[in-house]
Amino acid sequence: MRIFVLFFCLLTVFSCRSDRRLVSFFMYYPNIRLNIPSGLSGILPRVYSLDLVPSNIKNFLPAGLDTALITRIEPVSARLVTLDESISFYWLRELSIRICQDKSLTCQTAEEVFYQNELALRRPALEIDLFPTLINARKHLVKNSFKLEVWFYLQDITPREIPARLEMEFAAYQ
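In this text, all values refer to a predicted model and were calculated from it rather than measured experimentally.

### So, the pattern of salt bridges
Reasoning step 1: Tallying each qualifying case throughout the model produces 7 salt bridges.
Reasoning step 2: Residue Arg72 pairs with Glu74 through a salt bridge whose shortest N-O separation is 2.6 Å.
Reasoning step 3: Given the relative accessible area of 23%, Arg72 is considered partly exposed.
Reasoning step 4: In this structure, Arg79 engages Glu167 in a salt bridge whose closest nitrogen and oxygen atoms are separated by 2.8 Å. One end of the pair, Arg79, is in strand β3 (residues 72-82); the other, Glu167, is in strand β8 (residues 162-173), with 88 residues separating them in the sequence.
Reasoning step 5: Given a relative accessible area of 18%, Glu167 falls into the buried group.
Reasoning step 6: The network of salt bridges with common partners includes Arg79, Glu127, Arg165 and Glu167.

### Concerning the pairing of β8
Reasoning step 1: In terms of residue burial, β8 counts as a mostly covered element, since 10 of its 12 residues are buried.
Reasoning step 2: Sheet topology note: the strand β1 (residues 23-36)/β8 ladder contains 11 bridges and is antiparallel. Residue pairing across strands places Arg33 opposite Arg165, the latter belonging to β8.
Reasoning step 3: The pairing of β3 with β8 spans 10 bridges and is antiparallel. Looking at the pairing, Arg79 lines up with Glu167 of β8.

### Regarding the packing of aromatic side chains
Reasoning step 1: Applying the stated rule across the entire model yields 8 aromatic pairs.
Reasoning step 2: Plain terms: the ring middles of Tyr29 and Phe60 are 5.9 Å apart, the flat faces sit at 70° to each other, and that makes the pair edge-to-face. Within this pair, whereas Tyr29 is found in strand β1, its partner Phe60 is found in helix α2 (residues 57-60), the two being separated by 31 residues in sequence. Considered together, Tyr29 and Phe60 belong to a single accessibility category, that of buried residues.
Reasoning step 3: A ring pair is formed by Tyr29 and Phe170, whose centres lie 6.1 Å apart and whose planes are at 80°; its orientation type is edge-to-face. Of this pair, Tyr29 sits in strand β1 while Phe170 sits in strand β8; the two residues are 141 residues apart in sequence, bridging distant segments of the chain.
Reasoning step 4: Its guanidinium or amino end placed over the ring of Trp151, Arg98 lies 4.0 Å from that ring's centre, counting from NZ or CZ.

### Side note on the sheet that holds strand β5 (residues 112-116)
Reasoning step 1: Pairing in this open sheet of 8 strands is antiparallel, and the strands run β1-β8-β3-β6-β5-β4-β7-β2 from one edge to the other. The outermost strands of the open sheet, each flanked by one partner alone, are β1 and β2 (46-54). Geometrically, the sheet is characterised by an average inter-axis angle of 20° between neighbouring strands, direction not taken into account.
Reasoning step 2: Two strands pair when backbone bridges link them, and strand β4 (residues 92-100) and strand β7 (residues 145-154) are joined in this way by 8 bridges, in the antiparallel orientation. For Arg98, the partnering residue across the bridge sits in β7 and is Glu149.

What counts as what
- Residues numbered from 1 in each chain as written.
- Predicted model: local features only at pLDDT ≥ 70, side-chain atom pairs only at ≥ 80, totals over all residues.
- Heavy atoms only, no water.
- Salt bridge = Lys/Arg side-chain N within 4 Å of Asp/Glu carboxyl O.
- Buried < 20%, exposed > 50% of the residue type's maximum accessible area, 1.4 Å probe, protein only.
- Helix = DSSP H or I, 4+ residues; strand = E, 2+ residues; numbered from the N terminus.
- Pairing = 2+ DSSP bridges.
- Phe/Tyr/Trp six-rings, centres within 6.5 Å; stacked < 30°, edge-to-face > 60°.
- Lys NZ or Arg CZ within 6 Å of the ring centre and 35° of its normal.
- Axes fitted to C-alpha atoms, helices over the stretch in contact; angles between N-to-C directions.

Here you go:
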C-alpha cells in the first residue's frame, strides 16, 4: 500500500512540472467589427465569416524571440459587445468563435477557441463574456493572417441589423 501511495505522489509531482510554463506575451484583438444581419431565423446556425484577419504576430513578439520558440498559444478571454445599446442579445441561444487557416471553406468544430452556451437561461445583456477552450491555436496565429468565424445559434429572429464588436485575448507560451 505504501508503495502505491509513494508511486502516486511521485507521478503527481512529475506530471505537474509541465504546468509551470510562463507566459511569453499576450495577443490582443480588441476591435473586430461585426454587422449581424436582420431577419435571421433560428433553424440553422448562422456563420459570420472574416477572411484575412491579420494576426500581427510580429508586433506581439518580444525582441529576440522567434515564432519557432513558441510552443502554445491558448485562448484566455473574449467578449461580444453590441454597439446598439437599444438591442440586447435576447435572440441568441449559443455562440461559437472559431479560427482556421485563411481561405478555408469553413472552420471545423475542433478549431473552436471561445464559446458560450445556455444564453437562453440567462438575462439578456448588451455584452457576452465567452469561455476559452483548451485548444492550441499556435498553427493559425503564428501565420500572418487567419480566418475567423462567429457561429450564432439563434432562439429568436434578429430584429434588425446589429453592429457588434468582438474582443479576444490569447496567451503565448515558450
